Amino acid sequence: MGIQKKHGKGRLDKWYKLAKEKGYRARAAFKLIQLNKKYGFLEKSKVVLDLCAAPGSWCQVAAETMPPNSIIIGVDLSPIKPISKVITFQSDITTEKCRATIRGHLKTWKADTVLHDGAPNVGTAWVQDSFNQAALVLASLKLATEFLIEGGTFVTKVFRSKDYNPLLWVFNQLFTKVEATKPPSSRNVSAEIFVVCRGFKAPKRIDPRLLDPRSVFEDLADPTPNNEAKVYNPEIKKRRREGYEEGDYIQFKEIPASEFIQTTDPIDILGQYNKLSFIQPKNGDVALAALDKLPETTAEIRNCCADLKVLGRKEFKLLLKWRLKVREIFGFATKKSAKEALVEEVAEVEPMDEEMKIQEDLEKIKERESSKKKRERRRENEKRAKEIVRMQMNMTAPMDIGKEQDGPRGEGEIFRLKSVDKTAAMARLAKGRMAILTDNEARTDRDSGLGSDQESDAESDEEEDRLERELDGMYDAYRERKAESDAKYRAKKARKEHNDDEWAGVSASEHESDEEGLEEESDDDDDSETEEAGQSLLKDLDNRPEEENGLSKRARNFFEQDVFKDISGLMSEDDNEDDEEAKAVAVKISKKKSSKKEAATESAKQKADAASKSKSKSKKGSKQDEDDDDFEMVRAEEEDSDWEEAEKAAKKGSKADIDIVTAEAMTLAHQLASGEKSSYDVVDDGYNKHSFKDKHGMPDWFLDDEGKHDRPQKPITKAAADAIKEKLRAYNARPIKKVAEARARKKFKQAQRLEKLKKKADILIQEEGLSEKDKASSIAKLVSQAKGKKRRMPIKVVKAQGANRGLSGRPKGVKGRYKMVDPRMKKEMRAMKRITKKKR
Ligand SMILES: C[S@@+](CC[C@H](N)C(=O)[O-])C[C@H]1O[C@@H](n2cnc3c(N)ncnc32)[C@H](O)[C@@H]1O
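Residues numbered from 1 in each chain as written. Predicted model: local features only at pLDDT ≥ 70, side-chain atom pairs only at ≥ 80, totals over all residues. Heavy atoms only, no water.

Within an unreviewed UniProt entry, the label attached to the protein chain reads Spb1 C-terminal domain-containing protein, and the organism entered is Podospora appendiculata. Per its UniProt entry, the protein chain bears the Subcellular location (unreviewed entry) comment "Nucleus, Nucleolus". (UniProt positions renumbered as here; feature names shortened; annotations may be inferred.)

Written as structure tokens, this is what we have:
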């Protein structure tokens, strides 16, 4: 290889450095090392021919790897510095001379492996490079077919191009196994790939077309050229290194302008020629003379014709227009005349009457208006989408976006459902979306004088609704598909269905309903009608009270855990007595339930004891219990029902279910327990930017996507994170269900066996005829029987062959009991058997 400059640091990669370190002349050495590691052809070869070998790193590798006294011949266009044990010479592998020189060196020998890593001088056009490479591969294959031994290996480099498949086809004709591979040291950016062809078939006669580039890389005919593209985007001229086409030896081409007028493909002329000439030929051209005299052939046109290669789009258009005009004058067929003919054909159609014309005009204006509106709406939507993106990137505050984004407390309050409802607009809304028209809309309709474009609006609305419905449907289907395959997603969905989402402070809806309640209280009695309407619109389908002490359901469940039971200050001060009482009762009931459960699992006697103990405990526990006798009586109803169901119901209420599983919750628990935070702080934290989000009317897919990221980041402490980790570790340390079950089964069987043993031992002891010693020995026997026999490992038979021959001691890789055997032993054994037989 000629001295190749290393361009850019990318080339000086680890293989380059490693090659330097190991003394290889090129990093390419590792390609051969890796190929040989995979296919192992060098170790088996005695003669190797390395085509395109300079600077000689492949020869170095071959010399290292092949058996001693092997023959290695390297050839290249460039000189190769001498390498010990390698014959090198300088030649072009595509020439006869090279072939003869190789023959001279090999004499009658045949090569076991032919290597080819040739690369022609690359750097011109890619197509040309790859073709040259493919042609070089074919030349090397030609040499390989001459010098390879039957069953030999041919390793070659190929570029992945359109010539790759034809090459593979040829290889497959000549070799039994053909595999393409890219060794790790070959750069990913490089299109080179190595093909290892094994098992040369060595056919007696090879069809010369198989090794002829012209037939192997036969090109398909070019598709119809796009002349127009050629005119407006002329190709950047490349030097024709391969020479010019037959009969096309000049670069400057000229054509009479009259031919441009007469041709049916003017664009082709504009693309191919340099000049449209007005010079008369020797035998004269009447059309050209007439053209020259025409007033349409202006000075500008003449200038344009003088050098077509410098023209731009505008000038080309000018020339084409000129051609059309002249064709008309000369009476050639033009598109216009064709059109006129058409017009003449329909000329007899009656003219439209006045009214229809007005109607049509109106229709047109209507269309224009509606498309304008649509455009405006689209622009508006785009603007809004952009603003939302900007807000998500914290570039703007929500107030900037528009009235709808102001939220329930901002200027956009008019859009709140509550107020809509109070003005009794809900009924009107329910009747139909077009019932309410804003002043503005009405005015525009009146102004336009077109009746209204409600129809088109309604149409587009319907269209939008339909699209939205389709989108929703698709989103639902997507969720279902996901739920089928994603267990996590299913769990999340189930959590959502139980209203058990993560607590993100006081939610907007909760807060709103809270406010609602307050407002409703302050409303006059006169407003009772609107109040009712308000209730119907904002009605919560969940009958359970949404809030308790200003906390969300999830938060309330969280604080109802046993951990927080004794912490004072958790509940807000305005907790009334009723609440406390209810809580005390709840605690008592839960205690009762747990005692009931215990009782059910124990024996009947234990049941009674446990029940009485728990009762007495609870009585001692607090005075309140005694006061709550009435309540207990009411609850006594439940005692009749199945306690399991009650337990389930209690779990559904997610009291027993609650567990601190996140580091955020643990942090909060720590902070509350240590008094670092109070319930006020927790409620206060709930008032954040995420709390006041009007999610009403938003599509599910949008809310789902928003919900993933749009939540407050709650701080966590190291201690809390450690505690959660510890907890998880404990969870993970538990055996899985199957193992636990197997262990339990084993234990159970053991207990059964022990029981049997005891019974048998009892019988033995009571046996009168036996001495004490006999009894003891038979019991010991029983015990050992019950234990079960210890299975002995079978003896492994090891042949004293190969590495084990004459080995004293344990052979490698053999565990447990073993026995060494050899052929002599076999013979001796047989002889012994014979002798004993004879003796008998
Ligand atoms: C990538 S280098 C070969 C590197 C070589 N395998 C090594 O390990 O050192 C490609 C070589 O192919 C040679 N080459 C290209 N065309 C050739 C031809 N027609 N005849 C002989 N060698 C050629 C170039 O001179 C260049 O040295």
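1. Quick notes on the environment of serine 784
Mapping serine 784 onto the fold places it in helix α34 (residues 772–787). At a separation of 2.8 Å, a polar atom in the side chain of serine 784 contacts the main-chain carbonyl oxygen of lysine 781. (Helix = DSSP H or I, 4+ residues; strand = E, 2+ residues; numbered from the N terminus. Polar contact = N/O pair within 3.5 Å; in protein donor to acceptor, adjacent residues only side chain to side chain.)

2. A closer look at the side chain of threonine 667
Positionally, threonine 667 belongs in helix α29 (residues 663–673). Within the structure, threonine 667 has its side chain in polar contact with the backbone nitrogen of threonine 717 (distance 3.3 Å). Beyond its immediate stretch of four places on either side in the chain, threonine 667 contacts Pro715, Ile716, Thr717 and Ala720. (Contact = heavy atoms within 4.5 Å.)

3. Side note on unusual backbone geometry
That bond from alanine 54 to proline 55 is cis: its omega, 0 degrees, falls within 30 degrees of zero. Tracing the backbone through its elements, the reader meets proline 55 in the loop between β1 (47–51) and α3 (57–65). Phi is positive for lysine 85, close to 70 degrees, though the residue is something other than glycine. Located in the positive-phi region is alanine 202, a residue other than glycine, with phi close to 45 degrees. Considering the arrangement of structural elements, one finds alanine 202 in the loop between β7 (192–200) and α7 (213–216).

4. A word on the side chain of threonine 113
Tracing the sequence through the fold places threonine 113 in strand β4 (residues 111–116). Judged by its relative accessible area of 0%, threonine 113 is buried. Only 2.7 Å separates the side chain of threonine 113 from the side chain of serine 45, close enough to count as a polar contact. When sequence neighbours within four positions are dropped, the list of residues in contact with threonine 113 reads Phe41, Ser45, Val47, Val48, Leu49, Leu148 and Thr153. (Buried < 20%, exposed > 50% of the residue type's maximum accessible area, 1.4 Å probe, protein only.)

5. What about a nonpolar patch on the surface?
On the surface, Ile358, Leu362 and Ile365 cluster together into a nonpolar patch covering about 230 Å² of accessible area. By the secondary structure assignment, leucine 362 is in helix α15 (residues 354–392). (Patch = residues over 30% accessible without salt bridge, like charges linked within 9 Å, V, L, I, M, F, W, Y side chains within 5 Å. Areas by Shrake-Rupley, 256 points an atom, 1.4 Å probe, with all protein chains shown as cover. Salt bridge = Lys/Arg side-chain N within 4 Å of Asp/Glu carboxyl O.)

6. Some points on the pattern of salt bridges
Overall, the coordinates contain 15 salt bridges when judged by the stated rule. Arginine 99 serves as the salt-bridge partner of glutamate 96, at 2.7 Å between the closest nitrogen and oxygen. Of this pair, glutamate 96 and arginine 99 both sit in helix α4 (residues 96–106), three residues apart, which is roughly one turn of the helix. By relative accessible area, which is 26% here, arginine 99 ends up partly exposed.

7. Thoughts on the UniProt feature "binding site: S-adenosyl-L-methionine" (unreviewed entry) in the protein chain
In this numbering, the UniProt entry assigns the feature "binding site: S-adenosyl-L-methionine" (unreviewed entry) to Gly56, Trp58, Asp76, Asp92 and Asp117. For glycine 56, the location among the structural elements is in the loop between β1 and α3. For glycine 56, the residues in contact, after removing those within four places along its chain, are Arg25, Ile80 and Ile83. Within the secondary structure, aspartate 117 sits in the loop between β4 and α5 (126–147). According to the relative accessible area criterion, aspartate 117 is buried, its value standing at 14%. If we ignore the near neighbours within four places in the chain, the residues touching aspartate 117 are Ala28, Leu51, Cys52, Trp58, Lys157 and Phe194. Side-chain polar atoms of aspartate 117 contact the side chain of lysine 157, separated by 3.1 Å.

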